[in-house]
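# Coordinate analysis (summary)
One-letter residues, chain by chain:
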Amino acid sequence: FPHALQFLDTVGGPSLNQIFDPTKYLSLIVLLMVVFGITFEFPVLLVSLEIAGVLSPKQLSSWRRWAIVLIVVVAGVVTPSSDPFSMMAMAIPLYLFYELSIIIGKLVRR
């Protein structure tokens, strides 16, 4: 975040009057930490459901297309900014974790 604020400071130019509110800044950082923390528990939930026998790796593999769409939509909704970089910063690891949970489920099934 300090680099982002520094970038915004340079883009604004010398005529821009910067007013940084520490409470809004801190609340944004805490919100991002909570949202990213909760969403990265997603593979733990999937593996737990696979171990419990509720889901199978075959089911998760067949739902792959819908999972990609759902992951991208959720990442787009929960990221606070409208830029695609922060959305992809959440969507790409979530998809990789989805694939990893399928692999772990196959190993656990053996």
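Here we summarise the structure given alongside this text. It should be emphasised that the depicted structure is a prediction, and the values quoted were computed from it without experimental measurement. Every residue gets a number counted from 1 within its own chain, in the order that chain's sequence is written. The predicted origin of the model limits local features to residues at a pLDDT of at least 70 and limits the giving and counting of side-chain atom pairs to 80 or more, whereas totals for whole chains, interfaces and linings rest on all residues. Just so you know, side-chain values use all the structure's heavy atoms and leave hydrogens and water out.

This part takes up the environment of valine 77. To qualify as a helix, a DSSP run of H or I must reach at least 4 residues; to qualify as a strand, a run of E must reach at least 2; elements of each kind are numbered from the N terminus. Positionally, valine 77 belongs in helix H5 (residues 64-78). Whether a residue is buried, partly exposed or exposed follows from its accessible area with a 1.4 Å probe, protein chains only, as a fraction of its type maximum: under 20%, in between, or over 50%, in that order. Valine 77 gets classed as exposed once you look at its relative accessible area, which sits at 64%. Separated by 20 residues in the primary sequence, valine 77 and proline 57 place their C-alpha atoms 27 Å from one another.

So, on to the nonpolar core. For this analysis, a nonpolar core means a set of buried residues of the types Ala, Val, Leu, Ile, Met, Phe, Trp, Tyr and Cys, connected via side-chain atoms within 4.5 Å. Ranked by size, the top nonpolar core spans 13 residues in total, and within it Leu46, Leu60, Ile71, Ala75, Met90 and Tyr98 carry the most contacts. For this core, the secondary-structure elements that each account for two or more residues are H5 and helix H6 (84-109). Counting residues per element, this core draws most heavily on H6, which supplies six residues. Sequence-distant contacts of methionine 90, that is, excluding residues within four places in its chain, are made with Val35, Phe36, Thr39, Phe40, Ala75, Val78 and Thr79. Contacts are assigned to residue pairs with any non-hydrogen atoms lying within 4.5 Å of each other.

Further remarks concern the packing of aromatic side chains. Between the rings of Phe, Tyr and Trp (Trp by its six-membered ring), a pair exists once the centres lie within 6.5 Å; its type follows the angle of the planes, with under 30 degrees stacked, over 60 edge-to-face, and the other angles tilted. Tallied over the full model, the rule gives three aromatic pairs. Aromatic side chains phenylalanine 42 and tyrosine 98 sit 6.3 Å apart centroid to centroid with 10° between the ring planes, which places their arrangement in the stacked category. Within this pair, whereas phenylalanine 42 is found in helix H3 (residues 42-52), its partner tyrosine 98 is found in helix H6, the two being separated by 56 residues in sequence. Site record: aromatic cluster; members linked through ring pairs are Phe36, Phe40 and Phe97.

Our next topic: H3. Inspection of H3 places Pro43, Leu46, Val47 and Glu50 among the buried residues, and these make up the whole buried set. Projection of H3 onto a plane perpendicular to its axis shows the buried side chains occupying an angular sector of 95°, all on one side. Backbone geometry just after H3 places glycine 53 at a positive phi near 90°. Think of it as the arc spanned by the lines of direction from the helix axis to the C-beta atoms.

Turning our attention to a nonpolar patch on the surface. The residues that make up patches have over 30% relative accessible area and no salt bridge, and they are joined within 9 Å when like-charged or within 5 Å when they are Val, Leu, Ile, Met, Phe, Trp or Tyr. Residue-level accessible areas treat just the shown protein chains as cover; the underlying method is Shrake-Rupley with a 1.4 Å probe. In the sections that follow, a salt bridge refers to a side-chain nitrogen of Lys or Arg positioned within 4 Å of a carboxyl oxygen of Asp or Glu. The grouping of Ile51, Leu100, Ile103, Ile104, Leu107 and Val108 at the surface amounts to a nonpolar patch, some 530 Å² of accessible area in total. Looking at the nonpolar patch, the element that brings in the most residues is H6, giving five residues. If you trace the backbone, isoleucine 51 turns up in helix H3.

Think of each axis as a best-fit line through the C-alpha atoms, taken over the contacting stretch in the case of a helix, with angles from 0 to 180 degrees between the N-to-C directions. Two elements in contact, H5 and H6, have axes separated by 9 Å at closest approach and are oriented at 145°. As H5 runs across H6, the sense of the crossing is right-handed. Seen from H5, the contacting residues are Arg64, Ala67, Ile68, Ile71, Val72, Ala75, Gly76 and Val78; seen from H6, they are Met87, Met90, Ala91, Leu94, Tyr95, Tyr98, Glu99 and Ile102. Three classes are used: nonpolar for Ala, Val, Leu, Ile, Met, Phe, Trp, Tyr, Cys and Pro, charged for Asp, Glu, Lys and Arg, and polar for all others, with Gly counted as polar. In the contact of H5 with H6, the residues fall into 13 nonpolar, one polar and two charged. For a crossing to be left-handed, the near helix must be turned anticlockwise from the far one by less than a right angle; the clockwise case is right-handed.

Here we come to H5. A helix is expected to span 1.5 Å for every residue after the first. A rise of 1.5 Å per residue sets the reference length of H5, with its 15 residues, at 21 Å; its end C-alpha atoms lie 21 Å apart and thus fit the reference within 8%. When H5 is considered as a whole, its buried residues turn out to be Ala67, Ile71 and Ala75. Taken down its axis, H5 places every buried residue within 60° of arc, on the same side. Along H5, exposed side chains directed more than 90 degrees from the buried face belong to Arg65, Trp66, Leu70 and Val77. Among the structural elements, H3 and H6 are those in contact with the buried residues of H5.

What is shown is where atoms sit, not what they do.
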